[in-house]
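So you can see what is in the structure, the chains are spelled out below.
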Amino acid sequence: MAKDDTQRRSFRGFGTIVEEARTRRAMKTKQPWFVLKMTIGLAAAVIVYVCYVYIGRLCVPMIKRDVNALGGRAMGVAFMVVFILLGFMMIWSYIKVVLTPPGFAVNYVDKVRAFDSPSPRGPEPAAPPRTRTRKEDPSGLRFDETLGIPMPAPKKHPKRSDSSHSSPPTTSEGPDGVEMHAQFPSPPPTPPLPQPRSGAEKPPTPRPAQAPVAVENRLTRQPPTLPMLRPEYRYCRRCQIVKPPRTHHCKSCGTCVMKFDHHCPWIGQCVGAQNHKFFMVFNFWTAWFCLWTLSTLIGLNARPHANRSIDGQQIAVIALAGLFALFTVTMCITHAALISMNQSTVENMSQRGMKERENFILAELHPWWAVGAKRRTKKQWDAEWGRIGFEGNIWWLGSVRAHFEQVLGPSPWTWFLPIGRSPMDGLHYERNPRFDRDGRWLPRKAWPKELQ
């Protein structure tokens, strides 16, 4: 009995586990300043070491015409000049992206503790509701309908006699110390079947009525219906502000970042609206710096040289240059693609989830080998709604040039220079007219006539 009581006390309901996890996340504070900026010192040390090896152990011996040099004086001078120019642009852009903040929403938006603005749907709540992520399986069935609705728990829970059609509530403690419980929906009781008369044949057991419309809707494109642009869905309880569009809260920085892309440890802060350009420029020049260092060191060390041993430090720099060249080239390509679509990394991840769900639905509708049928079904969905990454992107303006100018500036000559300021203010963004004012994707028939 004692063991059963211990197990019963140690059992925790789903609602309790969710609230405990939410409380732990809310208790998290931003990282210490030293932890945030530590990788900047590491990056500076790597740059200094690479410069020492390339200039001091490769170029200087060639300029001095040492016996173990890998080339002549002219080659040494040319290699050192190119290396210094690329290194200067890389260091300049790195200093610029480190010293330029991404844009913190708390510096531009006033704090609010309650909403009093009227709404056409009725009065707004006294405080913005906590936005919960709706879990959705690939087939389109929403799990939030089975999690229950939180409500104040009564002092006493009456016993229910009909236990076959109900499930016990899960008790937990709310954020304000109020005991909460999630009441799970119960299936409707099955009506009794009519009894056959004596001597008559037993009628067949009726099958439950099917809902072909629901199945049809489930196996089609279902864009998110969350009105993400409404103020109550953009409220941050940690910063106590209504976040501007495209703003997200960064736990590492401990504040809301405008047009949050990601938190980059190499620059010690987030990439956002005001430093996205300099982050792109830094990756561009770092990629060229690493590719030049990698190619020249490999080319010179691959040639046969009599009476010369391989310099181990040059091999180490080859490894470092190759690693960072792969990283920065990948970042340049990825962010160029994101800028061309006018998306951040977070926004692209959300649309990637929608594409994965559609692939699952196509796998349910057609066998794996029916590639043509899948393509026709997807083309039918695109004709009804538009493409996911284009017409289905709330910030898509229809012009790649306009997207690049929004991040890098109006003049292409300054796109690759770490000068000026970001053209974005981080507060206002032009919305795709294929979305309503609340941020919900509209079907093609509801678009403006000039876009249909």
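Every chain begins its residue count from 1, and numbering advances along the sequence as written. The model is predicted, so local features are restricted to residues of pLDDT at least 70 and side-chain atom pairs to those at 80 or more, both for listing and for counting; the totals for chains, interfaces and linings are taken over all residues. By convention in this description, side-chain values take in all heavy atoms of the structure and omit both hydrogens and water.

Remark: helix α7 (residues 312–340) packs on helix α10 (residues 400–408), axes separated minimally by 8 Å, with the N-to-C direction vectors making an angle of 115°. As judged from the angle between their axes, α7 and α10 are roughly perpendicular. Contacts from A336, I339 and S340 in α7 reach V400, H403, F404 and V407 in α10. We call Asp, Glu, Lys and Arg charged. Ala, Val, Leu, Ile, Met, Phe, Trp, Tyr, Cys and Pro are nonpolar, and the rest, Gly among them, are polar. The residue makeup of the contact of α7 with α10, split by class, is five nonpolar, two polar and no charged. Lines fitted to C-alpha atoms define the axes, with helix axes restricted to the stretch in contact, and inter-axis angles between N-to-C directions lie between 0 and 180 degrees. By definition, any uninterrupted DSSP run of H or I lasting at least four residues is a helix, any uninterrupted run of E lasting at least two residues is a strand, and each is numbered from the N terminus. In what follows, roughly perpendicular refers to angles from 65 to 115 degrees, roughly parallel to angles under 35, roughly antiparallel to angles over 145, and oblique to any angle outside these ranges. Contact between two residues is taken to exist if any of their heavy atoms lie within 4.5 Å; hydrogens are not considered.

Packing of helix α3 (residues 33–64) against α7 brings their axes to within 10 Å, and their N-to-C directions diverge by 130°. Relative to α7, α3 is oriented oblique. For α3 against α7, the interelement crossing comes out left-handed. Residues V46, Y49, V50, Y52, V53, R57 and L58 of α3 touch α7, and the partners they reach there are Q313, Q314, A316, V317, L320 and F324. Partitioning the contact of α3 with α7 into residue classes produces ten nonpolar, two polar and one charged. By definition, any crossing whose near helix is turned counterclockwise from its far helix by less than a right angle is left-handed, and any crossing with a clockwise turn is right-handed.

All right, on to the confidence of the model for the protein chain then. For the protein chain, the mean per-residue pLDDT works out to 79, and 71% of the residues sit at or above 70. Every residue in residues 196–203 is under pLDDT 50, and counting partners more than four places away or in other chains gives three contacts. Each residue gets a pLDDT score, which is the predictor's confidence in that residue and runs from 0 to 100. Between residues 208–216, whose pLDDT stays under 50, and residues either more than four places distant or in other chains, the model counts zero contacts.

This part covers the side chain of T286. For T286, the location among the structural elements is in helix α6 (residues 276–302). To sort residues, take the accessible area from a 1.4 Å probe on protein chains only and compare it with the maximum for the residue type: under 20% means buried, over 50% means exposed, and anything in between is partly exposed. Judged by relative accessible area, T286 falls into the buried class, the value being 7%. Not counting residues within four places of it along the chain, the set of residues in contact with T286 comprises M90 and T328.

This part takes up unusual backbone geometry. Positive phi, close to 60°, is recorded for R65, a residue that is not glycine. By the secondary structure assignment, R65 is in the loop between α3 and α4 (73–99). Here K259, not a glycine, exhibits a phi torsion of approximately 45°, which is positive.

With that settled, the discussion passes to the nonpolar core. Core analysis: the biggest nonpolar cluster contains 38 residues, and Y54, L58, Y94, V97, I267, F279 and F289 have the highest contact counts within it. Only α3, α4, α6 and α7 provide two or more residues apiece to this core. Top element by residues in this core is α6. It accounts for ten residues. Setting aside its immediate chain neighbours within four residues, Y54 contacts C59, F79, F83, W292, T293, T296 and L297. If you look at the next biggest cluster of nonpolar residues, it comprises 25 residues, including V109, C236, I394 and W395. The nonpolar core is taken to be a set of buried Ala, Val, Leu, Ile, Met, Phe, Trp, Tyr and Cys residues, with the residues joined through side-chain atoms within 4.5 Å.

The rule for a salt bridge is simple: a side-chain nitrogen of Lys or Arg has to be within 4 Å of a carboxyl oxygen of Asp or Glu. With the rule as written, the count across this model stands at nine salt bridges. In this structure, R246 and E347 form a salt bridge, with 2.9 Å as the shortest nitrogen-oxygen distance. Taken together, the positions of R246 in the loop between β5 (241–242) and β6 (248–250) and E347 in helix α8 (residues 345–365) put the pair 101 residues apart, joining distant regions of the chain. Residues R246 and E347 agree in their burial class; the two are buried. One salt bridge connects R387 with E391, and the closest N-O pair in it is separated by 3.0 Å. A relative accessible area of 37% means that R387 is categorised as partly exposed. Within this structure, R221, E358 and D382 form a network of salt bridges that share partners.

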